[in-house]
Amino acid sequence: MTEAHAVPAVEAAALAPAGRGLWSDAWRRLRRNRAAIAASVVLALIAVAAIVGPEVAPHAIDAIYWDRVDAPPDFANGHYFGTESNGRDLFARTLFGGRVSLALGIAATLVSLVIGVGWGAIAGFIGGRVDAIMMRTVDILYALPFMFFVILLMVYFGREPLLIFVALGAVSWLDMARIVRGQALSLKRREFIEAARAAGTGTGAIILRHIVPNCLGPVIVFATLTVPQVILLESFLSFLGLGVREPMTSWGVLIADGARRVETAWWQLVFPSAFLAATLFCLNFIGDGLRDALDPKDR
Amino acid sequence: MSAPLLAVEGLRVGFPLSGGLLGRVRTLVAVDDVSFELAAGETLGVVGESGCGKSTLGRAVLRLIPASAGRIAWLGQDLGTLDESAMRARRRDMQVIFQDPLAALDPRMTVGDIVAEPLRAFQPDQPKAERRALVEDTLRLVGLAPEMINRYPHEFSGGQCQRIGIARAMVLRPKLIVCDEPVSALDASIQAQIVNLLRRLQREFGIALLFISHNLSVVRHISHRVMVLYLGRVVELAPTAALFARPRHPYTRALIVAVPVPDPVVERARAHVPLGGEVPSPLRPPSGCAFHTRCAIARPACARDRPALETDGARRVACPHWRDGAG
Amino acid sequence: MSAILAIRGLTTRFATPDGEVAAVSDVDLDLRAGETLGVVGESGSGKSQLFLSVLGLLARNGRATGSARLDGQELIGLAPESLRRVRGGRIAMIFQDPMTSLNPFLTVGRQLTEGPMLHRGLDERTARARAIAMLERVRIPDAARRLNQYPHEFSGGMRQRIMIAMALLPEPDVLIADEPTTALDVTVQAQILDLLRELRASMGIATVLITHDLGVVAGLCDRVTVMYAGRVVEEAPVEPLFGAPAHPYTRALLGALPRVDADGAHDLVAIPGQPPNLQRVIEGCAFAPRCAQADARCTATRPGLRAHGAGRAACLRLPS
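Owing to the predicted nature of the structure, the values given are computational and were not obtained by experimental measurement. (Residues numbered from 1 in each chain as written. Chains lettered and ligands numbered in written order. Predicted model: local features only at pLDDT ≥ 70, side-chain atom pairs only at ≥ 80, totals over all residues. Heavy atoms only, no water.)

Peer 1: Describe the overall build of chain A, and please don't skip the residues or the numbers.
Peer 2: The number of helices and strands found in chain A is 11 helices and zero strands. In chain A, the succession of α and β elements from N to C terminus is α-α-α-α-α-α-α-α-α-α-α. Relative to all contacts within chain A whose residues are 6 or more apart in sequence, the contacts with residues 24 or more apart total 70%. Of the roughly 14,400 Å² of accessible surface on chain A, a fraction of 68% belongs to carbon and sulfur atoms. (Helix = DSSP H or I, 4+ residues; strand = E, 2+ residues; numbered from the N terminus. Contact = heavy atoms within 4.5 Å. Areas by Shrake-Rupley, 256 points an atom, 1.4 Å probe, with all protein chains shown as cover.)

Right, dumping it as structure tokens:
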């Protein structure tokens, strides 16, 4: 009789490295993706610049220099990106605009995460009439013309920054809810969900403990793609003059102003646009990297 | 006499299928008029080919899918009268093991969390240490090292995953486990480990098993009684030894003959007259006796009259002509 | 007797993100003309990968070395184009799932006539006539009409018959059947086995039957090769292999099987543990950790295949 017989059949696997979850596997794959890692670094730099930049910039965002209207970039006087048509420093304003755009993007995405995941998971898992009612609601909201909705809000409540955020959050969760519902529908048929039901786990606990964690892969990927969507949407609103209010600014506002004066003052368009473009690129690279890392089968 | 652990009477499970141009709803009857009893500590094997409704039957017994008609009684109490929360409380005594061992485990949960899931559902206030001790104890019981508690399902082989599934089913020490093809996805050497484990657990804890499988060899080995299904109906139900030694229904006979025996001397001496045709679609079941289209001893009446399940001592058979073919 | 297919020292490795996996290691195997050879083993034993290597059908990360000669013609390292001709002509294959090999968008008749028309220059009428004859041979009733149907209009058993017909059409010298009945219901499996038995008697094609089911082997094969962890552990004519298995793994496997013709009063003799991880280099006998007879020698020295009785076995504990 050898040693092997005394030990339960299964312990051979104990030799393998300890508990490696799907998340740590995904993290390992993500680290190997150079584009995604580089994008994360760049995005982190942009975020840090947006957070601390306006404080350490040589000029305040609302300081008006009448003698330097539409001045080109000049390192000597601290207007690194030049000034805009009201004689305010573009460097400080670009970084501050980044703060607003990123904050809006992240906040609206968080709202869409919370509402969308909850809504989709409940609709998909419970199914039947509940599903029908919940998803028709989503369809109706989809059908509302977005601009009409925003203008209506503005008319009733005035131009509040909070409103923009509410409006953006209110539309961005619709896609999320649909994605999560689809995931929940397919998860519902998996045997481990049946096993959980047979084990006596209640509906709420199944949604929280099984459905939501198993949806998270696609959800995270979609969230990284929602942030740029929201930033673009805000830019669009600002472009139409429905965005944030002066002296606050955002990338969208700056680009809108810059676009009008591109023939005489190129820097007013180029700098904010470069920041916005870099951010969007980074988020898309990160999203792609996450998708590959979380779902290696799809490659 | 006290009520059996589980008594199923006239169980019928239909799935509505929307189809047809006019949105006419057709019904796929997966299980039709199935009745049986299961005593405490007994193993009832359920065999049949694809489409015979054996997996549906297992899920319907656990009320994981609703029955369209019939009665399922647990120790004499009709489960159909229970509301959702009372039914959930009942689940404490009835657990399930699935065919695909990996698919039955949530990939995002650790082994410890998976096995503890029924505990969380039924004893939510149990102290953590006590719960952990019980989980480790159960892992040991099914031949797994308790140190594996923090690992994830994908790190384990099929046989080990099936042990984890059995641990989850065993952690509440239930009275009934529905085993849905528990060894079909496993290799022969692992299959024997799992079959032996189930037999041992049954001996030690007096669990009743509803053992669903298409593998007649395994069913013969593990069951006390065997029920043969064909297109959702019971064609024969008998004690295992009697069923395999003297099968009565022509379908049972064909099924047993079709299983190859791993012994060339025996296998080559056996009569090989394979049953013709294949299982008809459950959407369009044949009239009368559903088996008449493939039956060697069928007569015209078989296409017309549905045979009743006749009881003869411990045996039941749904064929009025079985004596003719016994040969 | 001469071997129609002679495999020598065949080794197949797969490059995976977690390291190299040796799926097949140093396999020698002969298929003789007219015989049916059973290749048995559990999942991961390398039984399928062995023949995929021979046929040049490995996944992209796999690489085969060694030799496999079909009537003297080396197949390992042959140009893909020449290998394709071999596969469509002298060697034919049947797989577990017929739907992977049948195109769902083409009629069965089209799929059965296209090859012969293309490769052998048959005209359509001849090709069709031969397809009908072959379908009748695999006992598909009403063959002429069914030629115009699509694969999904056939049942699982009928599709497997079509696969067999398609494999046999080019009159191959070697037929490789990989788990041909595993996906089928037991009564349909019996029909297909019956058909294979009859074709063997009437056509005499040398056949490799890859399966995990020892019952199927017992009924159909002349000789049996048992594989474990990528290596051949035993090879013998069917009766001595089942009657007096030499290798402890073969013996244990037979002991672990429940039988439909025996009652289950006693426990099965399960094999403890599980097959080894093929990413690691195995020093001695791969089965030693699970073997009741193993001693220190077994974990240190790798046993080679040696003649034993009517066959060969790879076990150090056998008397030489």
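From this point, the discussion proceeds with the structure in view.
Peer 1: Can you explain the interface of chain B and chain C? Please cite residues and give values.
Peer 2: Between chain B and chain C, the residue contacts involve 43 residues of the former and 48 residues of the latter. For the pair chain B and chain C, the summed buried area comes to about 3,700 Å², and 54% of that belongs to carbon and sulfur atoms. Considering only the side of chain B, the residues that lose the most area to chain C are P262(B), R268(B) and E278(B), jointly responsible for 18% of the buried surface there. Summed over the shared surface of chain B and chain C, the number is one salt bridge. Two residues, D263(B) and R259(C), come together in a salt bridge whose shortest N-O distance is 3.8 Å. Counting residues per element, the ones that place at least two in the side of chain B that touches chain C are α6 (188–205), α7 (216–222), α9 (250–258) and α10 (264–269) of chain B. The element that contributes the greatest number of residues to the side of chain B that touches chain C is α6(B), accounting for 10 residues. Grouping the constituent residues of the side of chain B that touches chain C by class yields 20 nonpolar, 12 polar and 11 charged. (Buried area = accessible area lost by both parts, 1.4 Å probe. Salt bridge = Lys/Arg side-chain N within 4 Å of Asp/Glu carboxyl O. Nonpolar A, V, L, I, M, F, W, Y, C, P; charged D, E, K, R; others polar.)

Peer 1: So what's going on with the sheet that holds strand β1 (residues 3–16) of chain C? Residues and values would help.
Peer 2: Within a sheet, adjacent strands bond to each other through the backbone by hydrogen bonds, running parallel or antiparallel. All names here are of chain C. Spatially, four strands are ordered β2-β1-β4-β5 in an open sheet, and the strand pairing comes out antiparallel. Edge positions in the open sheet fall to β2 (19–32) and β5 (73–74), since each of these has one partner strand only. Examined bridge by bridge, strand β4 (residues 62–70) and β5 share two bridges and lie antiparallel to one another. Its bridge partner being in β5, R69 is matched across the sheet by E74. Sitting on the sheet, helix α1 (residues 47–54) is in contact with β1, β2 and β4, with an inclination near 105° to β1. (Pairing = 2+ DSSP bridges. Axes fitted to C-alpha atoms, helices over the stretch in contact; angles between N-to-C directions.)

Peer 1: How would you summarise the packing of helix α4 (residues 90–126) of chain A against helix α10 (residues 251–260) of chain A if you had to cite specific residues and measurements?
Peer 2: Residue and element names in this part refer to chain A. In the contact formed by α4 and α10, the axes pass within 7 Å of each other and the chain directions differ by 135°. The angle between α4 and α10 falls in the class oblique. Packed against α4, whose contacting residues are L90, R93, T94, G97, G98 and S101, the element α10 presents W251, G252 and L254 at the interface. (Parallel < 35°, antiparallel > 145°, perpendicular 65-115°, else oblique.)

Peer 1: Could you give an account of the packing of aromatic side chains, naming the residues involved and the relevant values?
Peer 2: We describe a pair of aromatic rings using the distance from one ring centre to the other and the angle between the two ring planes. All told, the structure shown has nine aromatic pairs over all chains when counted by the stated rule. On the numbers, 5.2 Å between centres and 85° between planes, the contact of Y228(C) with F287(C) is edge-to-face. In this pair, Y228(C) sits in strand β9 (residues 223–228) while F287(C) sits in the loop between α10 (248–256) and α11 (296–300), placing the two residues 59 residues apart along the sequence. Note on F287(C): relative accessible area 2%, which makes it buried. Among the aromatic side chains, those forming a connected cluster through ring pairs are Y230(B), Y251(B) and F291(B). Taking the ring centre of F154(C) as reference, the NZ or CZ of R146(C) above it sits at 4.2 Å. (Phe/Tyr/Trp six-rings, centres within 6.5 Å; stacked < 30°, edge-to-face > 60°. Buried < 20%, exposed > 50% of the residue type's maximum accessible area, 1.4 Å probe, protein only. Lys NZ or Arg CZ within 6 Å of the ring centre and 35° of its normal.)

Peer 1: Any details on unusual backbone geometry? Residues and values, ideally.
Peer 2: With a phi angle near 50°, L231(B) is a residue other than glycine that sits in the positive phi range. With respect to the helices and strands, the residue L231(B) is situated in the loop between β9 (225–230) and β10 (233–239). Positioned with a positive phi, R139(C) is a non-glycine residue whose angle comes to about 60°. When you line up the elements, R139(C) lands in the loop between α4 (124–137) and α5 (143–146).

Peer 1: Residues and numbers for the side chain of Q274(C), please.
Peer 2: Here Q274(C) shows up in the loop between α10 and α11. In this structure the side chain of Q274(C) is engaged in a polar contact, spanning 2.4 Å, whose partner is the side chain of S157(B). (Polar contact = N/O pair within 3.5 Å; in protein donor to acceptor, adjacent residues only side chain to side chain.)

Peer 1: Quick rundown of the layout of surface pockets? Include the residues and the values.
Peer 2: Rolled over the atoms, a probe as big as a water molecule pinpoints where empty space is left. All names here are of chain C. Estimated volume of the second largest pocket: approximately 940 Å³. Looking at the second largest pocket, it is lined by 29 residues, and the ones nearest its centre are R87, G88, G115, H119 and M166. When contributions to the lining of the second largest pocket are tallied by element, the ones reaching two or more residues are α2 (80–88), β6 (91–94), α3 (108–120), α4 and α6 (156–168). Ranked by residues supplied to the lining of the second largest pocket, first place goes to α3 with eight residues. Of the residues in the lining of the second largest pocket, the class split is 15 nonpolar, seven polar and seven charged. (1 Å grid on protein atoms, 1.4 Å probe; cavity = no way out; pocket = protein on both sides within 12 Å on 5 of 7 lines; lining within 4 Å. Points joined across faces, edges and corners; volume = space filled by probe spheres on them.)

Peer 1: Before we move on, could you go through the packing of α3(C) against α6(C) and cite the residues and values that matter?
Peer 2: When two helices pack together, their arrangement is captured by the angle between the axes and the distance separating the axes. Residues and elements named next belong to chain C. Remark: α3 packs on α6, axes separated minimally by 10 Å, with the N-to-C direction vectors making an angle of 15°. Taken together, the axis directions place α3 and α6 in an arrangement best described as roughly parallel. Classified by chirality, the crossing of α6 by α3 is right-handed. Taken together, the residues of α6 that come into contact with α3 (itself represented by V108, Q111 and L112) are I162, A165 and M166. Residues of the contact of α3 with α6, tallied by class, amount to five nonpolar, one polar and no charged. (Left-handed = near helix turned anticlockwise from the far one by under 90°.)

Peer 1: Go over helix α9 (residues 203–239) of chain A with me, naming the residues and quoting the values.
Peer 2: Residues and elements named next belong to chain A. Spanning 37 residues, α9 covers only 46 Å between terminal C-alpha atoms, well under the ideal 54 Å at 1.5 Å per step. The axis of α9 is deflected most strongly, by about 50°, at L216, and proline P218 appears within four residues downstream. Within two residues after α9, G241 carries a phi angle of roughly 85°, on the positive side. (Expected span 1.5 Å × (residues − 1). Bend = angle between axes of the 7 residues up to and from the residue.)

Peer 1: Just give me the short version of the interface of chain A and chain B, but keep the residues and values in it.
Peer 2: On the chain B side, the residues contacting the 31 residues of chain A number 36 residues. Regarding the contact of chain A and chain B, the summed buried area is about 2,900 Å², with carbon and sulfur atoms giving 54% of it. Our enumeration of links across chain A and chain B arrives at two salt bridges. For E194(A), the salt bridge goes to R59(B), with nearest N and O atoms at 2.5 Å. For the pair chain A and chain B, the number of links is nine residue pairs in polar contact (both at pLDDT 80 or more). When contributions to the side of chain A that touches chain B are tallied by element, the ones reaching two or more residues are α2 (22–31), α8 (191–198) and α9 of chain A.

Peer 1: So, the nonpolar core: which residues are in play, and what are the values?
Peer 2: In this structure, I7(C), L50(C), F51(C), L135(C), I164(C), I176(C) and F242(C) are the most contacted members of the largest nonpolar core, which totals 96 residues. Of all the elements, α6(C) adds the most residues to this core, at seven residues. Leaving out residues up to four positions away in the same chain, I7(C) has contacts with V27(C), D28(C), L29(C), D30(C), L50(C), F51(C), V54(C), S67(C) and A68(C). Counting 71 residues, the second largest nonpolar core, distinct from the first, contains V142(B), L275(B), F291(B) and V260(C). (Core = buried A, V, L, I, M, F, W, Y, C linked by side-chain atoms within 4.5 Å.)

Peer 1: How would you explain helix α4 (residues 128–141) of chain B if you had to name every residue and give the values?
Peer 2: Residue and element names in this part refer to chain B. Taking 1.5 Å of rise per residue, 14 residues should cover 20 Å, and α4 covers 20 Å from first to last C-alpha, within 8% of that figure. Listed in full, the buried residues belonging to α4 are R131, V135, E136, T138, L139 and L141. Each element contacted by the buried residues of α4 is listed here: α3 (111–122), α5 (158–170) and α6. Within two residues after α4, G143 carries a phi angle of roughly 85°, on the positive side.

Peer 1: Hey, could you go over empty space enclosed by the protein for me, with residue numbers and the actual values?
Peer 2: All names here are of chain C. A full pass over the atoms with the stated rule returns seven cavities of 30 Å³ or more. Taken as a whole, the largest cavity holds about 140 Å³ of empty space. Looking at the largest cavity, the residues that line it are T36, L168, L175, L196, L199, R200, M203, G204, I205, T207, L209 and L220. Elements supplying a minimum of two residues to the lining of the largest cavity: α7 (186–203) and β8 (206–211). It is α7 that contributes the most residues to the lining of the largest cavity, four residues altogether. Here the residues of the lining of the largest cavity are counted per class, giving eight nonpolar, three polar and one charged.

Peer 1: Could you give me a rundown of the environment of S223(B), with the residues and numbers involved?
Peer 2: All names here are of chain B. Looking at the secondary structure, you find S223 in the loop between α7 and β9. If we ignore the near neighbours within four places in the chain, the residues touching S223 are T43, L44, G45 and T240. Of the polar contacts made by the side chain of S223, one reaches the backbone oxygen of V219; its length is 2.8 Å.

Peer 1: Describe the pattern of salt bridges, naming the residues involved and giving the relevant values.
Peer 2: The tally for this structure, following the rule as stated, stands at 45 salt bridges over all chains. A salt bridge links R259(C) to D261(C); the nearest nitrogen and oxygen atoms lie 2.9 Å apart. Here the residues in one salt-bridge network are R12(B), D32(B), R233(B) and R306(B), joined through shared partners.

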